[in-house]
Amino acid sequence: MLSIEELIDLAVEARTSDIHFACGVPVKFRVDGQLVNANDYVMTYDDCESYAKRLAGERYNDIAYIGELDASETIGGHRIRINLFRQQGAISGALRILSDKIPDLDKLGLPPVVNEFAKWQKGIILVTGETGSGKSTTLAAILDRINHTRRCHIITLEDPVEYIYHPDLALINQRTIGDDTRTYADGLKAILREDPNIILIGELRDAETIETAMTAAETGHLVFATLHTNSAVDSVDRIVGSFPADKQPQVRLQLSTTLRAVLSQQLLVRKEGKGRAAACEAMVVTSAIANMIREGKTPQMQSALLSSANIGAITMDNCLLKMVKENTISAETAINAAADAEYVKKNVGGLGMSNLNSNLTARHF
């Protein structure tokens, strides 16, 4: 059995995003979105326990009564996000390999309007997408841009801390949920007394956290947060739906005055089959969109987004079409990732159209 350090070195060499270990199967690497065996060695119960003890350290016994453990650590020079959990009497683990260095915002291939986020002074900016869609990397790049361009105070609330910032012009405090504060809600309440200019919330998990985040934005702070949603419209509906019906009108009002932008993203395999590229939907909240949020007319937001291209907005489907045109992804990949597969299929033209009918049918079965 490889040591954790050897395993991580092997994974980094193979361009792995995640490492999975479980009893009775070989260690798995996620490479370009697909799981592959790291080697032929089948992990035993004792092997998994050994990995867990190394990764959890003094917190190993917490797994026995909590059932899972989140942590982060630098191992062999690589920053790793760790999740350990019990299943069927044994310990399994999922390790996310983070970049050793926060990437430059200009090199992530994001819509140009994202560069403006680092200049804004107040409001809420949401970065959304599925797990593994690159939300943390995008936020880290934005905050690092702020770090090198603005004299301000940044406080992050994360579970766990992933990227480590090295303060330049900014003062940066990074707090871990469970270690430095009990919950996001508790940490947010305290933050408002800690003189921040910019707040990063790892995830908007509940109504109390959302409410405090909106209050922070109303009082002149710039708030960044994530949601596990796939579009700007879904994000607004998710936030409003987190509250009971009698509070939703007030929430819509608050959100309409505090939400500045929503960036929804997914990572897709590049056309040559190696590496992944970010496909993004970017919505900048205009007065028309703010009115739709306030009045509960979120279905109309998509058409308003389409008409906001002049200020940098782009829909996910149009981004996918642009990526096909630039030969970044295949037409098939674009259709499978689309919100409106028929629209994308209709507009990809003659590029890579073979077998798309069967794939489209399978996707919507």
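Note that the structure is predicted; figures quoted are calculated from it, not measured.

**Remarks on the pairing of strand 13 (residues 276–284)**
Successive side chains on a regular strand alternate, one facing one side of the sheet and the next facing the other. Counting buried residues in strand 13 gives eight out of nine residues, a clear majority hidden from the surface. Sheet topology note: the strand 12 (residues 259–269)/strand 13 ladder contains nine bridges and is antiparallel. In the strand pairing of strand 13, Ser264 is matched with Glu281. Counted between consecutive antiparallel strands, the loop separating strand 12 from strand 13 contains six residues, among which Gly273 sits at a positive phi close to 90°.

**Description of the nonpolar core**
In terms of nonpolar packing, the biggest core is built from 39 residues, with Leu126, Ile201, Leu204, Leu259 and Met283 touching the most fellow members. Sequence-distant contacts of Leu259, that is, excluding residues within four places in its chain, are made with Ile124, Leu126, Val236, Met283, Val285 and Ile293. Ala118, Ile142, Cys152 and Cys280 belong to the second-largest nonpolar core, a separate cluster that totals 32 residues.

**With respect to unusual backbone geometry**
A cis amide bond links Asp159 to the next residue, Pro160, at an omega of -5°. Phi at Asp32 takes a positive value of approximately 50°, unusual for a residue other than glycine. Counting through the fold element by element, Asp32 comes out in the loop between strand 2 (26–31) and strand 3 (34–42). The backbone phi angle of Gln88 is positive, close to 50°, even though this residue is not glycine. Owing to a relative accessible area of 81%, Gln88 belongs among the exposed residues under this scheme.

**Quick look at the confidence of the model for the protein chain**
Confidence in the prediction of the protein chain, expressed as mean pLDDT, is 91, and 96% of residues score 70 or more. Between the elements of the protein chain, mean pLDDT differs from a low of 41, seen in helix 15 (residues 356–363), to a high of 98, seen in strand 7 (residues 123–128). Within the model, pLDDT remains below 50 along residues 352–365, and this stretch shows 20 contacts once partners closer than five positions in the same chain are excluded.

**Observations regarding the pattern of salt bridges**
For the structure shown, the criterion picks out 19 salt bridges. Arg54 is the salt-bridge partner of Glu73, the closest N and O atoms lying 3.2 Å from each other. Residue Glu73 is located in strand 4 (residues 68–75), and its partner Arg54 is located in helix 2 (residues 45–56); the two are separated by 19 residues in the primary sequence. Using a relative accessible area of 23% as the deciding quantity, one classes Glu73 as partly exposed. The shortest N-O distance in the salt bridge between Arg205 and Glu203 comes to 3.3 Å. The structure contains a network of salt bridges with shared partners spanning Glu5, Arg54 and Glu73.

**Observations regarding helix 1 (residues 4–13)**
All of the buried residues in helix 1 are Ile4, Leu7, Ile8 and Ala11. Projected onto a plane normal to the axis of helix 1, the buried residues spread over an arc of 95° and lie on a single side. Looking at the buried positions of helix 1, the neighbouring elements they touch are strand 1 (16–21), strand 2, helix 2, strand 4, strand 5 (78–87) and strand 6 (90–97). Of the residues one or two after helix 1, Arg15 is the one with positive phi, at around 60°.

**As for the sheet that holds strand 12**
Ordered by their spatial adjacency, seven strands build an open sheet running 9-8-10-11-7-12-13, and the pairing between neighbours is mixed. The sheet terminates laterally at strand 9 (171–176) and strand 13, the two strands that pair on one side only. Averaged over all neighbouring strand pairs, the angle between strand axes comes to 15°, with direction disregarded. In the packing of helix 12 (residues 316–325) onto the sheet, the strands contacted are strand 12 and strand 13, and the crossing angle to strand 13 comes to about 140°.

**What about the packing of aromatic side chains?**
Pairs of aromatic rings are described using the distance from one ring centre to the other and the angle between the two planes. All told, the structure shown has two aromatic pairs when counted by the stated rule. For the pair Phe21 and Tyr51, a centre-to-centre distance of 5.2 Å together with 75° between the ring planes defines the contact as edge-to-face. One end of the pair, Phe21, is in strand 1; the other, Tyr51, is in helix 2, and 30 residues separate them in sequence. Tyr51 matches Phe21 in its accessibility class, with the two residues each being buried. Judged by centre distance (5.0 Å) and plane angle (45°), the ring pair of Phe117 and Trp120 falls under tilted.

Conventions and cut-offs
- Residue indices begin from 1 for each chain and proceed along its sequence in written order.
- Selection of residues for local features in this predicted model requires a pLDDT of at least 70, selection of side-chain atom pairs for listing and counting requires 80 or more, and totals for whole chains, interfaces and linings are taken over all residues.
- To get the side-chain values, take all heavy atoms of the structure and skip hydrogens and water.
- Exposure is judged per residue with a 1.4 Å probe applied to protein chains only, and the accessible area is read against the type maximum: over 50% gives exposed, under 20% gives buried, and values in between give partly exposed.
- To qualify as a helix, a DSSP run of H or I must reach at least 4 residues; to qualify as a strand, a run of E must reach at least 2; elements of each kind are numbered from the N terminus.
- When DSSP finds two or more bridges between two strands, those strands count as paired.
- The term nonpolar core refers to a set of buried residues drawn from Ala, Val, Leu, Ile, Met, Phe, Trp, Tyr and Cys, joined through side-chain atoms within 4.5 Å.
- Pairs of residues are marked as contacts when any of their non-hydrogen atoms sit within 4.5 Å.
- What pLDDT conveys is the predictor's confidence in a given residue, as a value from 0 to 100.
- Salt-bridge detection follows one rule: a side-chain nitrogen of Lys or Arg within 4 Å of a carboxyl oxygen of Asp or Glu.
- In this description, one arc is meant: the one made by directions from the helix axis to the C-beta atoms.
- For helices, the fitted line uses only the C-alpha atoms of the stretch in contact; every axis is such a line through C-alpha atoms, and the angle between N-to-C directions lies from 0 to 180 degrees.
- Centre distance within 6.5 Å is the pairing criterion for rings of Phe, Tyr and Trp, where only the six-membered ring of Trp is used; planes under 30 degrees apart are then read as stacked, over 60 as edge-to-face, and the remainder as tilted.

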